[in-house]
Amino acid sequence: MEALCFIASPTPLFRSTPQHLTFPPQHSKKSLDPLAYVQIHTDSGFLTILQDDENVGGLEVMDKSGAFVAVHPCAGTLLVNLGDVAKAWSNGRFCNVKHRVQCKEATIRVSIASFVLGPKEAAVEAPPQLLDSQHPRLYAPFTYDDYRKLYISPKFKAGEALQHVCTHYS
Ligand SMILES: O=C(O)CCC(=O)C(=O)O
Ligand SMILES: [Fe+2]
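Quick caveat, the model's predicted, so the values are computed rather than measured.

Engineer: Residues and numbers for the site of ligand 1, please.
Structural biologist: By nearness alone, eleven residues border ligand 1, and Asp43, Asp52, His99, Arg109 and Ser111 come closest of all. At 3.1 Å, a side-chain N or O of histidine 99 approaches an oxygen atom of ligand 1. Between ligand 1 and the protein, one listed contact pairs an oxygen atom with a side-chain N or O atom of serine 111 at 2.7 Å. The protein chains hide 96% of the 290 Å² of surface that ligand 1 would expose on its own. Considering each element in turn, the shell around ligand 1 owes the most residues, three residues, to strand E9 (residues 109-116). A per-class count over the shell around ligand 1 returns four nonpolar, four polar and three charged.

Engineer: Break down helix H2 (residues 144-151) for me, with residues and values.
Structural biologist: Those residues of H2 not exposed but buried are Tyr144, Tyr147 and Tyr151. Projected down its long axis, H2 carries its buried residues within an arc of 60°, all on one side. Where H2 is buried, its residues meet strand E3 (36-41) and helix H1 (84-89).

Engineer: Explain the nonpolar core to me, and be specific about the residues and the numbers.
Structural biologist: One recurring pattern in soluble globular proteins is that nonpolar side chains are buried together. Ala88, Phe142, Tyr147, Leu162 and Val165 are the most contacted members of the largest nonpolar core, which totals 21 residues. Mapped onto this core, the elements with two or more residues apiece are E3, H1, E9 and H2. Per-element tally for this core: the top contributor is H2, with three residues. Here tyrosine 147 is in contact with Ser44, Asp84, Phe142, Ala161, Leu162 and Val165, once residues within four sequence places are set aside.

Engineer: Help me get a handle on the pattern of salt bridges, residues and values and all.
Structural biologist: This model, assessed by the stated rule, comprises four salt bridges. With its nearest N and O atoms 2.9 Å apart, the salt bridge here joins arginine 109 to aspartate 52. One end of the pair, arginine 109, is in strand E9; the other, aspartate 52, is in the loop between strand E4 (47-51) and strand E5 (59-62), with 57 residues separating them in the sequence. Arginine 109 sits in the buried class, given a relative accessible area of 4%. The buried category is assigned to aspartate 52, whose relative accessible area is 18%. In this structure, the salt-bridge partner of aspartate 146 is lysine 149, at a minimum N-O distance of 3.6 Å. Taken together, the residues aspartate 146 and lysine 149, both in helix H2 and three residues apart, mark about one turn of the helix. Among the residues examined, lysine 149 registers a relative accessible area of 57% and is labelled exposed.

Engineer: Describe the coordination of the iron ion (ligand 2), listing the residues and the values that go with them.
Structural biologist: Distances from the iron ion (ligand 2) to its protein donors, His41 (NE2), Asp43 (OD) and His99 (NE2), fall at 2.1 to 2.2 Å. Sequence positions of the residues that donate to the iron ion (ligand 2) give the spacing H-x1-D-x55-H. By relative accessible area, histidine 41 is classed as buried at 16%. Classification of aspartate 43 by relative accessible area gives buried; the value is 6%.

Each value, and the rule that gives it
- Residues numbered from 1 in each chain as written.
- Chains lettered and ligands numbered in written order.
- Predicted model: local features only at pLDDT ≥ 70, side-chain atom pairs only at ≥ 80, totals over all residues.
- Heavy atoms only, no water.
- Near = heavy atom within 4 Å.
- Polar contact = N/O pair within 3.5 Å; in protein donor to acceptor, adjacent residues only side chain to side chain.
- Areas by Shrake-Rupley, 256 points an atom, 1.4 Å probe, with all protein chains shown as cover.
- Helix = DSSP H or I, 4+ residues; strand = E, 2+ residues; numbered from the N terminus.
- Nonpolar A, V, L, I, M, F, W, Y, C, P; charged D, E, K, R; others polar.
- Buried < 20%, exposed > 50% of the residue type's maximum accessible area, 1.4 Å probe, protein only.
- Arc of directions from axis to C-beta.
- Contact = heavy atoms within 4.5 Å.
- Core = buried A, V, L, I, M, F, W, Y, C linked by side-chain atoms within 4.5 Å.
- Salt bridge = Lys/Arg side-chain N within 4 Å of Asp/Glu carboxyl O.
- Donors = N, O, S within 2.8 Å, 3.2 Å for Na, K, Ca; no water.

Written out as structure tokens, the structure is:
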């Protein structure tokens with residue numbers, strides 16, 4: 001059995017890597033959740049447009065209390081969620097939702113994720129209009145490529161990488 005995650009072709013703002021998820025989930029580290037197709041994470045880019053499997057569930061998003069809420073399959077819909085670049089650019093106003101995909105059924109699960117990442121070379125930084133004395137800059141400017149290196153580091157397993165580009169003001 002297997003689950004497939006097809007990902008759209010790259011442009012400077014729109015880029016990704018194909019994933020092929022097998023059933024049962026296979027992990028290199030025993031400490032990881034054995035029921036997860038995709039471990040808890042935030043997406044690294046600005047936003048993700050997801051066409052999930054219309055029949056097989058498994059996607060769960062974390063609410064403000066830290067509890068996971070299932071996103072049930074809904075035919076004919078797309079799901080959009082914001083990622084780390086959106087949170088940094090908005091100076092914390094947009095939420096980079098934590099989510100995971102749990103293995104609920106021994107069957108094929110197909111999802112299509114399209115990632116809008118961020119500028120290829122320019123820095124991601126909150127514009128001056130979003131900053132004032134009540135809202136000091138929360139994140140040091142970074143390029144998406146540099147941030148991606150931090151994001152994929154094995155040190156950050158659960159969507160915590162963005163915390164490491166905080167400025168000293170926060
Ligand atoms: O397949 C899904 O429902 C979500 C996949 C996902 O979270 C991702 O690729 O970042
Ligand atoms: Fe994701």
